[in-house]
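Observations on the three-dimensional arrangement
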Amino acid sequence: MDIVVKGRKTEVPERFRKHVAEKLKLEKIQKLDGKVISLDVEVSKEHNPRQADRSDRVEITLRSRGPVIRAEAAAADPYAALDLATGKLEARLRKQHDKRHTRRGTGRLSAAEVADVVPGVAELNANGKTLAEEAAESIPTTRIGSLEVQGEGPLVVREKLHTAAPMSLDQALYEMELVGHDFYLFVDSETKQPSVVYRRHAYDYGVIRLETDPLAGSEAGGAGGALGG
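Note that residues are indexed from 1 along each chain, following the sequence as it is written. Two thresholds apply to this predicted model, a pLDDT of at least 70 for residue-level local features and 80 or more for giving and counting side-chain atom pairs, whereas whole-chain, interface and lining totals are computed over all residues. Only hydrogens and water are set aside when side-chain values are computed; all heavy atoms of the structure are taken into account.

**What about the pairing of strand 4 (residues 69-75)?**
- Using a 1.4 Å probe on the protein chains alone, a residue whose accessible area is under 20% of its type maximum counts as buried, one over 50% counts as exposed, and one in between counts as partly exposed. Each helix is a run of H or I in the DSSP string that is no shorter than four residues. Each strand is a run of E no shorter than two, and both are numbered from the N terminus. Of all 7 residues in strand 4, 5 are buried, a share of seventy percent or more.
- At least two bridges found by DSSP between two strands are what make those strands a pair. As paired strands, strand 3 (residues 56-64) and strand 4 are joined by 7 bridges and run antiparallel to one another. Across the sheet, the residue bridging to T61 is R70, located in strand 4.
- Following strand 3, the chain reverses through 4 residues before pairing antiparallel with strand 4.

**Here's the deal with the sheet that holds strand 4**
- In space, the 4 strands of this open sheet follow the order 1-2-3-4, with mixed pairing throughout. Both edges of this open sheet fall to strand 1 (3-8) and strand 4, since each of them pairs with a single strand only. Within this sheet the neighbouring strands show an average axis-to-axis angle of 15°, counted without direction.
- Direction of pairing for strand 1 relative to strand 2 (residues 36-45): parallel, over a ladder of 6 bridges. By the bridge assignment, G7 is partnered in strand 2 with V43.
- With respect to the sheet, helix 1 (residues 14-23) is in contact with strand 1, strand 2 and strand 3, its orientation differing from that of strand 1 by roughly 140°. Comment: axis = line fitted to C-alpha atoms, over the contacting stretch for helices; angle = value between 0 and 180 degrees taken between N-to-C directions. Between two residues, a contact is recorded if the distance between any of their heavy atoms is within 4.5 Å.

**Concerning the pattern of salt bridges**
- Basic side-chain nitrogens of Lys or Arg form a salt bridge, by our definition, when they fall within 4 Å of a carboxyl oxygen of Asp or Glu. By the definition in use, this model includes 9 salt bridges.
- With a shortest N-O distance of 3.4 Å, R8 and E42 are connected by a salt bridge. Separated by 34 residues along the polypeptide, R8 in strand 1 and E42 in strand 2 bring together distant segments of the chain.
- We note a salt bridge from E59 to R70, for which the minimum N-O separation is 3.4 Å. You can see E59 sitting in strand 3 and its partner R70 sitting in strand 4, a full 11 residues away along the chain.
- For E59, a relative accessible area of 23% corresponds to the partly exposed category.
- In this structure R70 comes out as partly exposed when scored by relative accessible area, which is 36%.

**Concerning the environment of Q193**
- With respect to the helices, strands and loops of the structure, Q193 is situated in the loop between strand 7 (183-187) and strand 8 (194-199).
- Taking relative accessible area as the criterion, Q193 reaches 18% and is therefore assigned buried.
- Taking the C-alpha atoms as reference points, Q193 and P166, 27 residues apart in sequence, are found 9.2 Å from one another.
- In this structure Q193 touches F186, V187, D188, R209, L210 and E211, once residues within four positions along its chain are discounted.

**A closer look at the pairing of strand 7**
- Along strand 7, the buried face is formed by Y184 and F186; none of F183, L185 and V187, which line the opposite face, is buried.
- Taken together, the 5 bridges between strand 7 and strand 8 define a ladder with antiparallel strand orientation. Each residue of the ladder has a partner; that of V187, found in strand 8, is P194.
- Connecting strand 7 to the next strand, strand 8, in antiparallel fashion are 6 residues, including K192 with a positive phi near 65°.

Here it is, written out as structure tokens:
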């Protein structure tokens, strides 16, 4: 696997490319995620003098057979931005690694050891069910739309379903202004993709589009992240 470094509206010096290779240790990354397919680093520069302390932005995108992991940061120079973005990437990789590790478990108990380690797990109630099963059934379950919540789970305040005809990007911007929102969800009439247009800085706008990842499994992660990035 190679690291691809590219610039967006800016030149990337060879010295910085070498620094990226030294900073992003592939061995360390592959230890945390052995299914890495590609690692892209994009450098961009903000020429607004008012943002001199955040003029250089570095975005790192790691694609694997699992969810896409992305980290970005801005600083007064690209080297500082790279340090910050690398720290975020490693933290998110560790979180993903620990989550997989916890699910898999570090060891297994024999049937004879279960009753000693987990008291009461093998005791049966009057209906022939274990106490653990009885406790699980006592947790209230609520269904809100397509989401099933057990106990004190996440609260869905409102669920909306809109039926709308595909529209152009200009029309989506216009309708976003009409409703007074900072973002607007629509289906692009040109690309046929679900898209979100959103307000960025001052009078600038951004657009996010979703497309199916052919490498993703049936339960791939969503396109999370802040809109204003």
